Amino acid sequence: MPFADAAAQHAADVRPGTVTRWIARLRQDGLLGLVDRHAGPAVTQRQLSLDFSPARTAPRTTVGRRPRGRPALPLVKWSGSKAPIAAKLAALVPSRFFAYHEPFVGGGSMFFALRPARSFLSDLNAELMNLYAVVKQQLEPLLAALARHQNTREHFLAVRGIHPDTLPPVERAARTLFLNRTCFNGLFRVNRAGLFNVPYGSQQHTTFFQPDSLRRAHLALQNADIACRDFTTCADQARRGDFVYLDPPYVSGLRGDQGFVSYQANGFGEADAERVAELFEQLDRQACRVMLSNPDTAVTRARYRGFRIESLSVRRQVGGHADRRGHAHEIVVRNYQR
Ligand SMILES: C[S@@+](CC[C@H](N)C(=O)[O-])C[C@H]1O[C@@H](n2cnc3c(N)ncnc32)[C@H](O)[C@@H]1O
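Reading guide: rules and limits
- Residues numbered from 1 in each chain as written.
- Predicted model: local features only at pLDDT ≥ 70, side-chain atom pairs only at ≥ 80, totals over all residues.
- Helix = DSSP H or I, 4+ residues; strand = E, 2+ residues; numbered from the N terminus.
- Buried ≥ 20, exposed ≤ 12 C-beta atoms within 10 Å, placed from the backbone.
- Contact = placed C-beta atoms within 7 Å.
- Axes fitted to C-alpha atoms, helices over the stretch in contact; angles between N-to-C directions.
- Parallel < 35°, antiparallel > 145°, perpendicular 65-115°, else oblique.
- Left-handed = near helix turned anticlockwise from the far one by under 90°.
- Near = placed C-beta within 6 Å.
- Nonpolar A, V, L, I, M, F, W, Y, C, P; charged D, E, K, R; others polar.
- Pairing = 2+ DSSP bridges.
- Right-handed = clockwise from strand over helix to strand, strands pointing away.
- Expected span 1.5 Å × (residues − 1).
- pLDDT = per-residue confidence, 0-100.

(A) Molecular detail of the overall build of the protein chain. Scanning the protein chain from N- to C-terminus turns up 13 helices and nine strands. For the protein chain, with 338 residues in total, the buried portion stands at 30%. Sequence-distant contacts, at least 24 apart, represent 65% of the contacts inside the protein chain between residues at least 6 apart.

Now the structure itself:
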């Protein structure tokens with residue numbers, strides 16, 4: 001409602017010019033500038049029917065409206081990638097939200113499918129987050145560094161043997177992308193010393209980087225805050241009305257409804273899964289919209305009892321072998337309807 005109409009309807013003794021001055025003082029001083037000395041802030045707000053809550057700096061994303069430009073695809077092949085079901089998941093995303101948060105971003109299938117107006121992307125994998133930061137900020141030097149790589153076994157083994165900590169960010173990002181795109185089946189796996197240990201993929205005919213798709217990812221990442229950190233920090237950043245998508249690693253040793261048989265083989269254990277559930281509840285209390293992917297087991301269904309749970313069947317590779325595919329049964333948990 002225009003201010004002049006609001007003033008006319010709700011506070012006949014207030015002139016439009018006064019409201020305009022109040023608004024200017026709100027911008028300058030905060031709410032204090034608007035408080036009627038006799039009536040107090042609550043009455044002043046009610047009389048004018050204006051929303052005095054602080055303005056959100058994040059632009060709103062409206063899902064369903066196609067983001068500008070050509071779609072961006074995930075940059076890396078990633079274990080547990082949601083790329084095959086990104087469209088199904090995107091259909092379950094809230095129709096409108098402020099900032100987007102993905103604290104287990106991995107290959108970012110959901111992020112690249114949605115291309116939100118403002119986002120916070122994080123993961124514990126330092127190589128991956130360095131790659132995203134470099135694609136966002138130093139695209140041209142990265143393209144130049146990638147052009148110096150060659151898709152041969154000899155070169156692959158030489159690059160694989162370099163410890164990433166010894167490289168500057170751009171070279172480090174080029175190494176990550178090169179190894180990811182030329183290794184066996186696009187896995188990302190490191191040994192205890194932090195060295196990449198996946199064999200060469202022997203696909204010399206494949207081009208391991210496409211400047212065009214890197215440019216699209218560069219554009220998609222422009223409004224993203226990128227950080228390497230534990231997922232729990234997400235609760236500090238997320239605000240009311242934001243949307244958080246949680247896609248944690250699945251606890252190893254899952255055996256369907258039998259529950260968990262081993263806890264720490266892939267580094268993400270039962271205690272971590274409990275921390276994820278606590279984060280989900282914390283974000284729910286913060287009035288964020290939260291969506292989580294998890295395996296469909298009695299344990300996970302019990303953990304998220306009380307929230308909306310839907311099943312999804314996902315065709316995926318087993319043990320990193322392209323020729324061994326199966327259907328994984330997953331659930332999507334949400335704390336909202338639309
Ligand atoms: C299932 S993958 C996410 C896949 C992603 N949704 C995609 O489509 O590519 C889980 C991610 O969680 C990350 N991760 C593992 N432990 C973490 C932790 N404690 N905090 C943040 N990220 C973690 C892994 O590095 C991995 O990238």
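On we go from here.
(B) Representation of the packing of helix H8 (residues 153-160) against helix H9 (residues 169-182). Contact pair H8 / H9: the axes reach a minimum separation of 10 Å and the direction vectors enclose 130°. The angle between H8 and H9 places the two elements in the oblique class. Crossing of H8 against H9: the hand is left-handed. In contact with Phe156, Val159 and Arg160 of H8, H9 contributes Arg175, Phe178, Leu179 and Thr182.

(C) Representation of the site of the ligand. Surveying the vicinity of the ligand reveals 19 residues, the closest of which are Gly80, Phe104, Gly106, Gly107 and Ser109. Here the residues of the shell around the ligand sort into eight nonpolar, seven polar and four charged.

(D) Just the pairing of strand S4 (residues 119-123), in detail. With five of five residues buried, S4 is to be regarded as a mostly interior element. In S4, alternate side chains face the same way, and those of Ser119, Leu121 and Asp123 on one face and Phe120 and Ser122 on the other are all buried. Where strand S3 (residues 100-102) lies against S4, three bridges are found, and the strand directions are parallel. Paired with Glu102 across the strands is Leu121, a residue of S4. For the crossover that starts at S3, traverses helix H5 (residues 109-114) and ends in the parallel S4, the hand is right-handed. Note that S4 and strand S5 (residues 224-228) share five bridges and pair parallel. Residue pairing in the sheet places Phe120 in a bridge with Asp225 of S5.

(E) Just unusual backbone geometry, in detail. In this structure, Arg115 is a non-glycine residue whose phi angle is positive, near 40°. Secondary-structure assignment places Arg115 in the loop between H5 and S4. Judged by the 21 C-beta atoms lying within 10 Å of it, Arg115 is buried. One non-glycine residue with positive phi stands out, namely Ala287, at about 60°. Position of Ala287 relative to the elements: it lies in the loop between helix H12 (270-285) and strand S7 (289-295). Given 12 C-beta atoms within 10 Å, Ala287 falls into the exposed group.

(F) Geometry of helix H6 (residues 126-137). The terminal C-alpha atoms of H6, which comprises twelve residues, lie 16 Å apart, in line with the 16 Å expected from a rise of 1.5 Å per residue. Residues of H6 that are buried: Glu127, Leu128, Met129, Asn130, Leu131, Tyr132, Val134 and Val135.

(G) Highlighting the environment of Arg216. Inspection of the secondary structure puts Arg216 in helix H10 (residues 211-220). The partly exposed category is assigned to Arg216, around which 19 C-beta atoms lie within 10 Å. Through-space distance from the C-alpha of Arg216 to that of Phe112 is 9.6 Å; in sequence the pair is 104 residues apart.

(H) Representation of the confidence of the model for the protein chain. Counting all residues, the mean pLDDT for the protein chain is 81, and 72% of those residues have values of 70 or more. Under a pLDDT of 50 for its full length, residues 28-55 has, in the predicted model, 29 contacts with residues more than four places off or in other chains. This stretch, residues 254-265, has a pLDDT under 50; its non-local contacts, to residues over four places away or in other chains, come to 24 contacts.

(I) Focus on the packing of H6 against H9. One can describe the packing of H6 onto H9 by two numbers: an axis separation of 9 Å at closest approach and a directional angle of 115°. Here H6 is positioned roughly perpendicular relative to H9, judged by the angle of their axes. Crossing handedness for the pair H6 and H9: left-handed. Contacts from Glu127, Leu128, Asn130, Leu131 and Val134 in H6 reach Pro169, Val170, Arg172, Ala173, Thr176 and Leu177 in H9. Each residue belonging to the contact of H6 with H9 can be placed in one class, and the counts come to seven nonpolar, two polar and two charged.

(J) The environment of Arg334, seen in detail. You can see Arg334 is positioned in strand S9 (residues 321-334). Here the alpha-carbon distance between Arg334 and Arg308, two residues 26 residues apart in the chain, equals 5.1 Å.

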